[in-house]
Amino acid sequence: MVDKRKFKIGEPILEVKNISLTFGGVKAITNISFNVLEHEIRAIIGPNGAGKSSMLNCINGIYKPQEGKVIFKGEELKSITPNIMAQKGISRTFQNLALFKRMSVLDNILVGRKLHTKSSFLEVALQLPRATREEKVNRAKSEEIVKFLEIENIKNTEVGKLPYGLQKKVELGRALATEAPILLLDEPMAGMNVEEKRDMCRFVLKINDELGATIVLIEHDMGVVMDISDRVVVLDYGKVIGDDIPDIVRADQKVIDAYLGVAHD
Amino acid sequence: MKPVFMRYTKNDIINFIVLLVLGFLVIPNVIKSDYWYTSILIPWLCLTIAALGQNIVMGYTGQLSLGAAGFMCAGAYACYNLMLRIQDMPFLGALILSGLIAAGLGIIFGLPSLRIRGIYLMVATLASQFFIVWVVDKFGWFKNYDLSGATTFQKIDINGIPFHSGYMMYLLVAAIVVVITILAINMARGSTGRNWMAVRDMDIAAESMGVTLLKTKLQAFAINAFLCGIAGALYTYTYLKTVEPFAAFNISLSFKIMFMAIIGGLGTISGAFIGAAFILLFPVVLNAVGNNLFHGMIDATIISSIEQIVFGGLIITLMIFEPLGFAKLWETIKSKFRPKSQTS
């Protein structure tokens, strides 16, 4: 399977080192380190409250960890904000959906094209050549994504009116529209039925395979994780308790304990 | 070559042509009375511009702001002083410059939006209302040391053509409204408008997509103030003509403009027109109806009180049944009459 990949797994593209995050007295993350290789699908798993989403929020700059660093393409990032990370080429989806609810599906995806839009509001207001040209390109790209995700029939619907599963798809589309080399997907399959999950898996694999995007994925469904990811990092109580390929992680006693809820002593 | 109307649908162009014919051919030929121009059409169009600005900052960008009258005051007095102090200043040039001055103030008074939001932001933006009007009133320089405390604005001449009659001023204001509306539609439908709405609907996601909150919010505030500044200048030059800052640009005007945006429909361009018409004209209509129907039967003061009650009741009813305002109501009605095949 690995041999057939168009984009071979390469060097570490993203590294987190000794990240610690506390909210008041609560330790959400303690001294977590792991890396993500280029073009791989990297899963972060763990029970509820293990700090998975917090981890993504630290990488993305929504939370500021008290300690530790994030290294992107070999360069240690000094200041991390969602905006800077977007510019560096890290896009994401959110656990509880963060769509623009009163905008259409296509408009949501078009917002993802923001960093590929250089014209100022004056150029847009006056419809100067650069603005119309960019708009044309952005629309074409967004239509492509709509087609790719098989949501053509709802592209003009207001997002807030869509069922959950479709909204998750739109969010993936918006992240895709940025053409970022790294996608952070926070539980892209949460709350989906089996069929929708299978669809989503197919898209994630396709994105990785055809577009070569590096994917960092948080997921609860162990079956899904084991099937599609290249390497898995397991968190429990804000600590890394396992980091390896799916088969080894699955057999790890500590991981099994964490999931089955063995008493911590 | 690319087609000129690439991004407009056929319906847009039909609407546009119908409105142009109505505004520049039908109205000038049908309406002869000066009263209609000076007391109804001109203030309606002027306040429409302000409501458009309010709609951009509040409806599109989701930043509650209440200080339109302050920026209108800034625009009006900037225009007055530019015309007064610079020789041979063309009116349109002064108009645009006063819009820019108001926009600068808009950026300053929009700064709180980076820290606070919602109803608290609204309170903070009230600063513009009080501060600007106070400065203009306090320092005589702005009013050219007129001892009466009021300012009489100059008459408008453009390229030697006098715009003194209600009819001419109407044409001028209408032409400016057309230009502004086209620009606003272009922005609202393009990438600029999408950034505004992204910030409105989910700011953290917008930021993660590369939308800069600082820039987008301040841009909306600046455009709002720019439009309010132009609206203020036109409002004083073509409608009020003689102005006392505290009386003309009081907080009730700011509220009125905010209501225009809300009742017309937040996040719509047409809503500004409908909202301004409703808030401005409906009391006039009610008054006429009340006086004609019940004249002599009921005391005049009671009639005017009832008018207020009916007006308030209508606003409440509308907000309950169609919180998205008249623009949405109009869409719903239109879609009912549309043949089924086109609805999808």
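Residues numbered from 1 in each chain as written. Chains lettered and ligands numbered in written order. Predicted model: local features only at pLDDT ≥ 70, side-chain atom pairs only at ≥ 80, totals over all residues. Heavy atoms only, no water.

(A) Seen up close, the domain arrangement of chain A. Residue and element names in this part refer to chain A. Considered domain by domain, chain A is made up of domain 1 (1–89 + 180–265) and domain 2 (100–178). Using only C-alpha atoms to locate each centre, domain 1 and domain 2 end up separated by 26 Å. Between domain 1 and domain 2, the contact holds 20 residues from the first and 12 residues from the second. Both faces considered, domain 1 and domain 2 share a buried interface measuring about 1300 Å² in area, 72% of it formed by carbon and sulfur atoms. Of all residues in domain 1, the largest losses of buried area upon contact with domain 2 belong to M200, F203 and I207, amounting jointly to 32% of the total for that side. Inspection of the region where domain 1 meets domain 2 yields 1 salt bridge. Measuring nitrogen to oxygen at the nearest pair gives 3.4 Å for the salt bridge that ties E150 to R202. In this structure, the connection of domain 1 to domain 2 is made through 3 residue pairs in polar contact (both at pLDDT 80 or more). At the level of elements, α2 (82–88), β7 (182–186) and α7 (194–210) are the ones that each hand at least two residues to the side of domain 1 that touches domain 2. Here the element with the most residues in the side of domain 1 that touches domain 2 is α7; it accounts for 8 residues. (Domains from an automatic or database assignment. Contact = heavy atoms within 4.5 Å. Buried area = accessible area lost by both parts, 1.4 Å probe. Salt bridge = Lys/Arg side-chain N within 4 Å of Asp/Glu carboxyl O. Polar contact = N/O pair within 3.5 Å; in protein donor to acceptor, adjacent residues only side chain to side chain. Helix = DSSP H or I, 4+ residues; strand = E, 2+ residues; numbered from the N terminus.)

(B) Seen up close, the side chain of A:E219. All names here are of chain A. Looking at where E219 falls in the secondary structure, it is placed in the loop between β8 (214–218) and α8 (222–228). The side chain of E219 is buried and forms no salt bridge, while K197, the nearest opposite charge, is found at 5.2 Å. Of note is the side chain of E219, whose polar atom sits 3.2 Å from the backbone nitrogen of D221. With near-sequence residues (within four places) excluded, E219 lies in contact with I44, I45, E187, P188, M189, A190, V224 and V225. (Buried < 20%, exposed > 50% of the residue type's maximum accessible area, 1.4 Å probe, protein only. Lys, Arg positive; Asp, Glu negative; His and termini not counted.)

(C) Spatial organisation of the sheet that holds strand β2 (residues 26–37) of chain A. Residues and elements named next belong to chain A. The antiparallel open sheet is built from 4 strands, whose spatial order is β2-β1-β4-β5. Each edge of the open sheet is held by one strand with a lone partner, namely β2 and β5 (75–76). Relative to β5, strand β4 (residues 67–72) is paired through 2 bridges, and the arrangement is antiparallel. When the bridges of β5 are listed, I71 appears paired with E76. (Pairing = 2+ DSSP bridges.)

(D) Highlighting the packing of aromatic side chains. For the structure on display, the rule yields 22 aromatic pairs over all chains. Note on B:F71 and B:F109: the rings are 6.3 Å apart at their centroids and 65° apart in plane angle, and the pair reads as edge-to-face. Of this pair, B:F71 sits in helix α3 (residues 68–85) while B:F109 is found in helix α4 (residues 91–110), placing the two residues 38 residues apart along the sequence. Given a relative accessible area of 3%, B:F71 falls into the buried group. Each residue in the set B:F71, B:F109, B:F131, B:W134 and B:F139 is aromatic and connected to the rest through ring pairs, giving one cluster. Lying across the ring of A:F94, A:R92 places its NZ or CZ 4.2 Å from the centre. Cation over ring: A:R202 sits above A:F203, and NZ or CZ is 5.1 Å from the ring centre. (Phe/Tyr/Trp six-rings, centres within 6.5 Å; stacked < 30°, edge-to-face > 60°. Lys NZ or Arg CZ within 6 Å of the ring centre and 35° of its normal.)

(E) Summary view of the layout of surface pockets. One number sums up the size of the second largest pocket: a volume of about 580 Å³. Lining of the second largest pocket is provided by 23 residues; of these, A:L122, B:L183, B:F226, B:L227 and B:I230 occupy positions nearest its centre. Of all the secondary-structure elements, those providing two or more residues to the lining of the second largest pocket are α4 (121–126) of chain A together with α4, α6 (166–189) and α9 (213–240) of chain B. For the lining of the second largest pocket, the element with the most residues is α9(B), which contributes 7 residues. (1 Å grid on protein atoms, 1.4 Å probe; cavity = no way out; pocket = protein on both sides within 12 Å on 5 of 7 lines; lining within 4 Å. Points joined across faces, edges and corners; volume = space filled by probe spheres on them.)

(F) Expanded view of the interface of chain B and chain A. Listed per partner, the contact involves 29 residues of chain B and 33 residues of chain A. Overall, the association of chain B and chain A removes approximately 2800 Å² of surface from exposure, summing both partners, and the carbon and sulfur fraction of that is 62%. Summed over the shared surface of chain B and chain A, the number is 1 salt bridge. B:R194 is the partner of A:E135 in a salt bridge, and the nearest nitrogen-oxygen pair spans 3.0 Å. Sort the elements by how many residues they give to the side of chain B that touches chain A and helix α7 (residues 191–201) of chain B lands first, with 8 residues. Its residues assigned to classes, the side of chain B that touches chain A comprises 13 nonpolar, 9 polar and 7 charged. (Nonpolar A, V, L, I, M, F, W, Y, C, P; charged D, E, K, R; others polar.)

(G) The arrangement of the pairing of β7(A) in detail. Residues and elements named next belong to chain A. Here β7 lies mainly inside the structure; 5 of its 5 residues are buried. Neither face of β7 is open: one carries I182, L184 and D186, the other L183 and L185, and all of them are buried. Across 3 bridges, the pairing between strand β6 (residues 90–92) and β7 is parallel. What sits directly across from S91, in β7, is L183.

(H) Spotlight on the pattern of salt bridges. All names here are of chain A. Evaluation of the coordinates by the stated rule reveals 25 salt bridges over all chains. For R92, the salt bridge identified is with D186, shortest N-O distance 3.7 Å. In this pair, R92 is assigned in strand β6 and D186 in strand β7, connecting sequence segments 94 residues apart. Accessibility assignment for this pair places R92 and D186 in one class, buried. The salt bridge involving E171 is made with R174; its shortest N-O contact spans 3.6 Å. Remark: R174 and E171 occur in helix α6 (residues 164–177); sequence separation between them is 3 residues, near one turn of the helix. The same class applies to E171 as to R174, namely buried. Residues participating in the shared-partner salt-bridge network are E40, R42, R231 and D243.

(I) Broad picture of the pairing of strand β3 (residues 41–45) of chain A. Residues and elements named next belong to chain A. β3 sits mainly inside the fold: 5 of its 5 residues count as buried. Burial along β3 is two-sided: the residues I41, A43 and I45 and R42 and I44 are all buried. Note that β3 and β8 share 4 bridges and pair parallel. By the bridge assignment for β8, A43 is matched with L217. The sheet contact formed by β3 and strand β9 (residues 231–236) spans 4 bridges and is parallel. Looking at the pairing, R42 lines up with R231 of β9.

(J) Seen up close, the environment of A:V225. Residue and element names in this part refer to chain A. Positionally, V225 belongs in helix α8. Overall, V225 belongs to the buried group, its relative accessible area being 0%. In this structure, the C-alpha to C-alpha distance between V225 and I45, residues 180 residues apart in sequence, is 8.1 Å.

(K) Structural detail: the nonpolar core. B:M72, B:Y77, B:F91, B:L234 and B:F249 are the most contacted members of the largest nonpolar core, which has 100 residues in total. Residues contacting B:L234, with those up to four places away along its chain left out, are B:C46, B:I49, B:F91, B:L95, B:V173, B:I176 and B:Y239. Membership of the second largest hydrophobic core comes to 34 residues, among which are A:V105, A:L149, A:L162 and A:I207. (Core = buried A, V, L, I, M, F, W, Y, C linked by side-chain atoms within 4.5 Å.)

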